[in-house]
Every structure is written in C-alpha cells, then in structure tokens.
Amino acid sequence: MTTPTTIHHFIAGKPYPSKTSQWRDVTNPATQEVVARVPFATREEVELAVANAQEAFQTWRSTSLSARMRIMLKLQQLIREHQAELAQLITREHGKTLPDAEGEVGRGLEVVEHACSITTLQLGEIAENAATGVDVYNLLQPLGVGAGITAFNFPVMLPCFMFPMAIACGNTFVLKPSEQDPSSTMRLVELAHEAGVPPGVLNVIHGGPEVADMLCDHPDIKALSFIGSTHVGTHIYRRASEAGKRVQSMMGAKNHCVVMPDAPKEHALNNLLGSAFGAAGQRCMANSVAVFVGAARDWLPDLVAKSQAMKVGPGTDRSADLGPLVNPRAKERVLGLIDSGVAQGAKLLLDGRNCVVPGYEKGNFVGPTVFADVTEAMDIYSQEIFGPVLNVVCVDTLEDAIAFINRNPNGNGTSIFTSSGWAARKYQHDINVGQVGINVPIPVPVAYFSFTGSRGSKLGDLGPNGKQAVQFWTQTKTVTARWYEDHGSASDGVNTTITMK
C-alpha cells in the first residue's frame, strides 16, 4: 500500500493547502487503492484564486508577445521531457493504457506548440486611408481572467485545450480540473510555472458543482471554457452566460462510423474497434455506433471476432487494448445500459459484463460489448454510454446512413470508411456533423485547426484550438485614427453628418 498524496490548490505560483473540511479520495480504477486525496475549495479559496488572477492580469496583459511565446516554447520542451511521467499519472488515476496516455500527452503538446505561434496568431488588421487621411485598424486584446472546467477523461489534453492559448493571448486563468484524476493536471501546471508563467497567471482550484457555480457567477471572470457531459455543460453555459460571460461548452456525443462495402476491410474494422473501445470508450469522440452499408453487413462476424480478441487489463500492461472504467459508479452505469439494451430487444453479439482480470478482481473492468439490431428508440442509442459498447446498425444505402445520422441530435464527430472519393465527398457535404473523418476513425483535428463539434454537442459560437481559440480568448478593439499636420492647418468647419471627411 502506498501513502495517498495530498493534492493542493495552486494559487499565486505555489501550492496552496486547503482549509476545507470536504475531501474526496482519488482511486486507482484497476485496484480501488486510494492514491490521492483532493480538497473541495471553500468560497474564500475560490475568491483568493480569482483575486490573484485579477491582480496578475494588470501586468501580464502588457507582457510582450515574444515573452509569452518564449514561455510556451519552454513549456512544450518540458512536457516533451516529462511525457512518460505525465502518462503514468494519467494511467494511475484514470485507468487508460500507458500507450493511450502517452498519446493523450502528445495531443495536448500539439496545442502548446500551436500557442508558440502567438506572435503571428494575435495580429490585428489595418486599412490605410480608409477615408481621406483616416486609418482603421483592429487590435486583439486579452479579456481579463478566464476560467476552465475540465472532464476526467483527458486530464492533460483538456487543460491544454484551455490555458496555454488563454494565457498566451494575455489573459490570466483559473482552472478547475476533474476531482476524479487531478494529479497529472497538477504536474502539468507545475511544469508551466517551471517554464516561466508568473505567479497568479495560472491558478488551480479543486471541487465539485458548487465550485463550478462559483466560477460561473464570479464577476471578475470574463470567459469560461467547459468540456464535459451535456447535462453539466448545458447548466454551465446557461449560468455563466446569464452572468455576462463569454462561454464555450463542448459536451457529449453519439458518434457514428459509416462502413461502406468498398472500404478496405481490415483497416476499417481495426480503426472502428480502436475508436469504439480505446480508453474503455470513455471519449467524447468515441465511435459508439457503426453503420454498415449494404454488403458491409457481412463483416459483422469478423467485427465480433476481432472485438472478442481484444485484451482487457490494467493500464500499466502495455499489451492491453483497454483498461478499466474510471470508478465503480461508471461501471454500474454502463452495466445498467447493457442490461437495458438486452431488455429492449437489441441482439447482444458480445457480452462484456462479466469481465474479470486475474489479479485485479476489484477493478472496474467491462469487456468489449457489441449489439446488433439497434434502433433509435433504445437507451443504448439515445444515451451516451461512455463505456466499451458498440452499437451496430445496418442500412441499404449511403443516403440511408446519412439520413439516420442526421436525425441524431448530437454533432461532435463522424467518420466514413470507403475507397470511393465520390462517396467520401458526398458524405462530408451532406452530413450535419461538425467534424468528419474520411478513413480516419476519430476526427479530432490537429491543434492549429479548431475543434468544431456542432448541434447538441456544443454551445457557443467558438471552439477550442486553432483560430477560434484566439477569437474566444481576445476581444476586438477597432480604432479609427486621423492625424492633422499641425495646429494651424485649415479646417473644413463643423461636420454634422455621419460622413467621414
């Protein structure tokens, strides 16, 4: 048994021991061993974090773009050097396999690398001589104090979707990571300060819904970014918007992968299963619905056989394909949804409910599960399962697949596997989903493109990463300027019209 780590807040550039009486255990989902204890912040601690961020903003906003860029350059170097350490912390508290955790750190690193380009990303525009002797130009200026609330499923990548670009744009930040697996997030924040982020620019507080509501309500927070479930994200968006904040809320999904009969079979099935069962299905971009078109339905036995061959084990086992769910409550919920699928008439082709890993009998393991004959009315289709459960739907044509997917209220991501350029182009044009993969199973774009989930998966106009992140974390100030030659120059007299003379 190891002694649990005590997690602290991070305020004014250093760990801040909480005075709260409310603590939560952080467990290893493969063993149920308590590995850390995390505090739920008091109102005074939230106020202190925001006050420090507000004070730091007064000087940080005037820090040069090149100075901010150099900090981001140092941070990306430190993340690269500590990738293995960060991945181990992720696996210990989240449960995903080490290769998957290392991949997560790599995707977060992409965002930091993109923030290194802030000297060119935060440029305004100018129109010289827009009117006679008049220049008009835009300035992209920081908003003030920003806040971020992240989900448990990517404890390094999701914070990287938020604070690097926010502080690179000249804002200061208060981050509330998931209380379920905070250690990797805290190590990331420590690396940011080692890279040169000044005290107060990046602060961390821990807690649950009450702390999230405090961030929504606080008048000194000007913008808030959220990534998590639809239920919580809708609440956050409404509450923070009513408090006058700029808000982006990236939420749940039901992602579909279309498999055409002309697709490269092995590539299609392997990619589909990796996207469905990787991280035990605990991804908002997981492909939880496979739509087989026409003769592709004949591949269903091969899909089941490949699913059955996947290895379930602790995340520390590099040969494992998927690890445990994050906690017993998550496992209970997934098992309940599988039960409902059986009760509502879906055909259970592969049952992962009685999955036991030798030596890890207390782990939150659910094996790959495959349903066929799934309908839109079933709970396993209408709800985001967030577990290793794949629903299979068979349709006759590509048009049927598009119509089926467009009826779903969510729009986070979708994929198509095909060898036909025509089919791929038709799909990307006709599908009403914000992110599309063509022979790519999880279409999360590289960080210099924006994350563009849509419809029920997103609230707010602007998403993380890419150009939209700069727009979200800055405000546009437009200046119209004229300079006279000298005080004695002739005047055209009083102009009472709106004409710019």
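This is a predicted model, so every value here is computed, not measured. (Residues numbered from 1 in each chain as written. Predicted model: local features only at pLDDT ≥ 70, side-chain atom pairs only at ≥ 80, totals over all residues. Heavy atoms only, no water.)

Draft legend 1. Quick look at the packing of aromatic side chains. For the structure shown, the criterion picks out six aromatic pairs. Ring geometry for F152 and F386: centres 5.9 Å apart, planes at 80 degrees, overall edge-to-face. Placement of F152 in the loop between strand 8 (145-149) and helix 6 (157-160) and of F386 in the loop between helix 14 (379-382) and strand 17 (389-395) is noted, with a sequence separation of 234 residues between them. A relative accessible area of 12% places F152 in the buried class. Members of the aromatic cluster, joined through ring pairs, are F173, F472 and W473. (Phe/Tyr/Trp six-rings, centres within 6.5 Å; stacked < 30°, edge-to-face > 60°. Helix = DSSP H or I, 4+ residues; strand = E, 2+ residues; numbered from the N terminus. Buried < 20%, exposed > 50% of the residue type's maximum accessible area, 1.4 Å probe, protein only.)

Draft legend 2. Spotlight on the pattern of salt bridges. Tallied over the entire structure, the rule returns 20 salt bridges. Notably, a salt bridge pairs R80 with E113, separated by 2.4 Å at the nearest N-O pair. Remark: E113 occurs in helix 4 (residues 98-115) and R80 occurs in helix 2 (residues 65-81); sequence separation between them is 33 residues. Residue class for R80 comes out partly exposed when judged on its relative accessible area of 45%. We classify E113 as partly exposed; its relative accessible area is 33%. Notably, a salt bridge pairs R353 with D351, separated by 2.8 Å at the nearest N-O pair. The class of R353 is partly exposed, set by a relative accessible area of 24%. (Salt bridge = Lys/Arg side-chain N within 4 Å of Asp/Glu carboxyl O.)

Draft legend 3. The packing of helix 3 (residues 83-94) against helix 8 (residues 183-194), seen in detail. As a packed pair, helix 3 and helix 8 sit with axes 8 Å apart at the nearest point and diverge in direction by 155 degrees. Viewed along their axes, helix 3 and helix 8 adopt a mutual orientation that is roughly antiparallel. On helix 8, the residues touching E85, L86, L89, I90, R92 and E93 of helix 3 are S183, S184, R187, L188 and L191. Classifying every residue of the contact of helix 3 with helix 8 by side-chain character gives five nonpolar, two polar and four charged. (Axes fitted to C-alpha atoms, helices over the stretch in contact; angles between N-to-C directions. Parallel < 35°, antiparallel > 145°, perpendicular 65-115°, else oblique. Contact = heavy atoms within 4.5 Å. Nonpolar A, V, L, I, M, F, W, Y, C, P; charged D, E, K, R; others polar.)

Draft legend 4. Focus on a nonpolar patch on the surface. Residues V446, Y448 and F449 make up a contiguous nonpolar surface patch of roughly 330 Å² in combined accessible area. For Y448, the position within the fold is in the loop between strand 20 (436-438) and strand 21 (454-455). Since its relative accessible area comes to 55%, Y448 is described here as exposed. (Patch = residues over 30% accessible without salt bridge, like charges linked within 9 Å, V, L, I, M, F, W, Y side chains within 5 Å. Areas by Shrake-Rupley, 256 points an atom, 1.4 Å probe, with all protein chains shown as cover.)

Draft legend 5. View of the layout of surface pockets. Volume-wise, the largest pocket comes out at about 1,000 Å³. Elements with a minimum of two residues in the lining of the largest pocket: helix 9 (209-217), strand 11 (221-227), helix 10 (230-242) and helix 13 (328-343). It is helix 10 that provides the largest number of residues to the lining of the largest pocket, a total of five residues. Here the lining of the largest pocket is composed, by residue class, of 17 nonpolar, 13 polar and seven charged. (1 Å grid on protein atoms, 1.4 Å probe; cavity = no way out; pocket = protein on both sides within 12 Å on 5 of 7 lines; lining within 4 Å. Points joined across faces, edges and corners; volume = space filled by probe spheres on them.)

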